[in-house]
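Analysis of the macromolecular model
Read off the chains here:
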Amino acid sequence: MAEFIWDDAFFQEYFPKLVKIAANYVYDVALAEDMAQEAFVILLDKWKAGKISSADNIGAWLKVVVINRCRSEMQKMRYHVEQPLKDDVIDPRIPDALPFADKLPKGLSEAERQVLCCFYEYRMTLKEIASYCGITEDASRMRLHRARMHCKKLLQRGEKNV
């Protein structure tokens, strides 16, 4: 393994790689850049404290730090992947002044409306939805998936809302 040298070339080599890794987790380039910068700050602090030596695989260590920072940030934000509502769920012909539940196709069952509202309108996690509905987390995930698919099918068939 080559001797570790702290310089601009090292930063320029690893920074874009770390940003790409972080962006795959958090889907936000600005946040991903922050995570990569934080990893370098942590590296510098550990280097100065003598906790990391040039014998360590610094690149791999930085990747692990970035991935751990991303996971922590996602937990802190109670992060869940954004789903495109405008294309698949909401009919654009319905005015924005209506409540979310009233924008959904009328062919959906009450349970489907409930799970879609919990997830999209109230921003509940699958765990919170499971607790609210009195079902398991896996069941809430499946119920949400089926509700999305049913909603999409109704919208593609041209079902009227409200």
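Just so it is clear, the model here is predicted, and its values are computed rather than measured.

Some words on the packing of aromatic side chains
Counted according to the given criterion, the structure contains five aromatic pairs. Geometrically, the ring pair formed by F11 and F15 is stacked, given 5.0 Å between the ring centres and 20 degrees between the ring planes. Placement of the pair is F11 and F15 together in helix α1 (residues 8-26), with a separation of four residues, close to one helical turn. Since its relative accessible area comes to 34%, F11 is described here as partly exposed. The buried category is assigned to F15, whose relative accessible area is 16%. An aromatic cluster is defined as three or more aromatic residues linked by ring pairs; in this entry it consists of F10, F11, Y14, F15 and F40. The residue whose ring lies beneath K17 is Y14, and the NZ or CZ to ring-centre distance is 5.2 Å.

A closer look at the pattern of salt bridges
Under the defined criterion, the tally for this structure stands at four salt bridges. A salt bridge links R69 to E38, with the nearest nitrogen and oxygen atoms 2.4 Å apart. Of this pair, R69 sits in helix α3 (residues 58-76) while E38 sits in helix α2 (residues 29-49), placing them 31 residues apart in sequence. The exposure class of R69 is partly exposed, given its relative accessible area of 27%. The exposure class of E38 is partly exposed, given its relative accessible area of 30%. Between E137 and R141 there is a salt bridge; the shortest N-O distance is 4.0 Å. On the criterion of helical spacing, the pair formed by E137 and R141 is a turn pair, its members being four residues apart in helix α8 (residues 137-157). Given the relative accessible area of 41%, R141 is considered partly exposed.

Criteria and thresholds
- Residues numbered from 1 in each chain as written.
- Predicted model: local features only at pLDDT ≥ 70, side-chain atom pairs only at ≥ 80, totals over all residues.
- Heavy atoms only, no water.
- Phe/Tyr/Trp six-rings, centres within 6.5 Å; stacked < 30°, edge-to-face > 60°.
- Helix = DSSP H or I, 4+ residues; strand = E, 2+ residues; numbered from the N terminus.
- Buried < 20%, exposed > 50% of the residue type's maximum accessible area, 1.4 Å probe, protein only.
- Lys NZ or Arg CZ within 6 Å of the ring centre and 35° of its normal.
- Salt bridge = Lys/Arg side-chain N within 4 Å of Asp/Glu carboxyl O.

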